[in-house]
Amino acid sequence: MNNLLLEVENGVALLTINRPKSLNALNSETLAEINSCLMDLEKNEDVKVVILTGSGEKSFVAGADISEMVNATAAEGRVMGLLAREAFSRFENMPQVTIAAVNGFALGGGCEIAMSCDIRVASENAKFAQPECGLGILPGFGGTQRLARLVNKGRAKEMIFTCDMISADEACRIGLVNHVVPQAELIDYCKAMAGRIMKNAPLGIALAKQAINTGYDADLDTGLKLEANLFGLSFATADKKEGMTAFLEKRKEKNFIGK
Ligand code: HXC
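Okay, so let's go over this structure. Throughout, residues of each chain are indexed from 1 in the direction in which the sequence is written. Side-chain atom pairs in this predicted model are given and counted only at pLDDT of 80 or more, local residue features only at pLDDT of at least 70, and totals for whole chains, interfaces and linings cover all residues. Each side-chain value is worked out from all heavy atoms of the structure, with water and hydrogens disregarded.

### Details of the packing of aromatic side chains
Applicable threshold: Between rings of Phe, Tyr and Trp, where Trp is taken as its six-membered ring, a pair exists when centres lie within 6.5 Å; planes separated by under 30 degrees are stacked, by over 60 edge-to-face, and by other angles tilted. By the criteria applied, helices consist of DSSP H or I runs no shorter than four residues and strands consist of E runs no shorter than two, each listed in order from the N terminus. Categorising residues by exposure relies on relative accessible area from a 1.4 Å probe, with only protein chains included: less than 20% of the type maximum marks a residue as buried, more than 50% marks it as exposed, and the intermediate range marks it as partly exposed.
Applying the stated criterion to the full structure yields two aromatic pairs. With 5.6 Å between their ring centres and 85° between their planes, Phe88 and Phe141 make a pair best called edge-to-face. Here Phe88 is found in helix α3 (residues 74-93), whereas its partner Phe141 is found in the loop between β8 (127-129) and α5 (143-150), with 53 residues between them in sequence. Here Phe231 and Phe235 contribute two aromatic rings whose centre-to-centre distance is 5.0 Å and whose plane-to-plane angle is 70°, an arrangement assigned as edge-to-face. Here Phe231 falls in the exposed class, since its relative accessible area comes to 54%.

Take a look at the structure:
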């Protein structure tokens, strides 16, 4: 991998986009690497949480790579959009929990990749924007869809039409990020959250993630039916037996095996 760093330790994969000279802008090669790295991680049962961040202290991801896009044709732009779609959907739908540790600029494709993660934590210096309309394009890595769903339609339109940059605190206020922490504490904060997540049953989490994601875009009745089915499925797991037995035996430690 030319553009990514990957460290796997104690069930947590820390994936760092590493193109500091261009503030971690996403070119096609980086998108393809993210896609293939996530294909491996989603099959890795030792990994329970993926934390995504950017290298350096200034930028998470400053967007798609403008130097690559400037001469791209309509067909090439579409291919780039589809490549990002495949990679970003993996963050959204993989069985593991994904956390974006937003350590600086999250602009355009940077805000969009963060939005495809389950949870977003920002450092105090982080800044968010969808500047695409100022470049003559529109958010093409999911921004017009995920931002409206995550915050609301009016706020999404304001951010996209004005291209205004908002602070981490403002992003937190509107629900774009869950927490804002000092930059020096960002990765430890995300790892501590990963630790709390990993105390729980991985299959229960994966099924809950599936129910939330699928139900969110469906009507309530469809979502509730899906939830009932997945809830039933969870009763077939060894972890359900272990979780409930540990409670009844008043045991604090649970031996979840992800089966
Ligand atoms: C390519 C980029 C880049 C990007 C920064 N760089 N962002 N290169 N694509 N998105 C490069 C700069 O050209 C520069 O390279 C180096 O990184 C440092 O950036 P500076 O601009 O010198 O830093 P600074 O003045 O501190 O400004 C930081 C910044 C600014 C505010 C983040 O760089 C900026 O506005 N970047 C573009 C942000 C943007 O518009 N993103 C959306 C892209 S469109 P050199 O070689 O000069 O040192 C997008 C679309 C997604 O994401 C969907 C597409 C289908």
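Structure shown, so let's carry the discussion forward.
### Re the site of the ligand
As a reminder, the rule being used: Note on definitions. A residue lies near a molecule or strand when any single heavy atom of the residue is within 4 Å of it. Counting of polar contacts relies on pairs of N or O atoms within 3.5 Å, with two restrictions inside protein: one atom must be capable of donating a hydrogen and the other of accepting it, and residues adjacent in sequence are counted only when both atoms are side-chain atoms. Here the open area of atoms and residues is found with the Shrake-Rupley method and a 1.4 Å probe, where only the protein chains shown may cover a residue. Gly falls in the polar group here, along with every residue not listed as nonpolar (Ala, Val, Leu, Ile, Met, Phe, Trp, Tyr, Cys, Pro) or charged (Asp, Glu, Lys, Arg).
By nearness alone, 21 residues border the ligand, and Lys58, Ala62, Ala64, Ile66 and Gly109 come closest of all. Ala62 is positioned with one of its backbone polar atoms (N or O) 2.9 Å from a nitrogen atom of the ligand. Expressed as a share of its isolated accessible area of 1000 Å², the protein-covered part of the ligand is 61%. Secondary structure elements with two or more residues in the shell around the ligand: α2 (66-69), β6 (105-107) and α4 (109-115). A per-class count over the shell around the ligand returns eleven nonpolar, five polar and five charged.

### Things to note about a nonpolar patch on the surface
Rule in force here: To count toward a patch, a residue needs a relative accessible area above 30% and no salt bridge. Like charges then connect within 9 Å, nonpolar side chains (Val, Leu, Ile, Met, Phe, Trp, Tyr) within 5 Å. Whenever a carboxyl oxygen of Asp or Glu lies within 4 Å of a side-chain nitrogen of Lys or Arg, that contact is scored as a salt bridge.
Together, Met1, Leu6 and Val8 make up an exposed nonpolar region whose accessible area comes to about 270 Å². Looking at the element boundaries, Met1 is found in the segment before β1 (4-9). Of the residues examined, Met1 reaches a relative accessible area of 54% and is grouped as exposed.

### Here we look at the pairing of strand β3 (residues 49-54)
We apply this condition: In this analysis, strands are considered paired if DSSP registers two or more bridges between them. The handedness of a crossover follows from its direction of travel: if, with the strands pointing away from the viewer, the path from the first strand over the helix to the second runs clockwise, the crossover is right-handed.
Across the six residues that make up β3, a large majority, six, are buried. Residues Val49, Ile51 and Thr53 line one face of β3 and the alternating positions Val50, Leu52 and Gly54 line the opposite face, and both faces are buried. Two strands pair when backbone bridges link them, and strand β2 (residues 12-17) and β3 are joined in this way by six bridges, in the parallel orientation. Paired with Leu14 across the two strands is Ile51, which belongs to β3. Where the polypeptide runs from β2 across helix α1 (residues 28-43) and back to β3, its parallel neighbour, the crossover connection is right-handed. Pairing of β3 with strand β5 (residues 97-102), which is carried by four bridges, proceeds in the parallel orientation. Paired with Ile51 across the two strands is Ile99, which belongs to β5.

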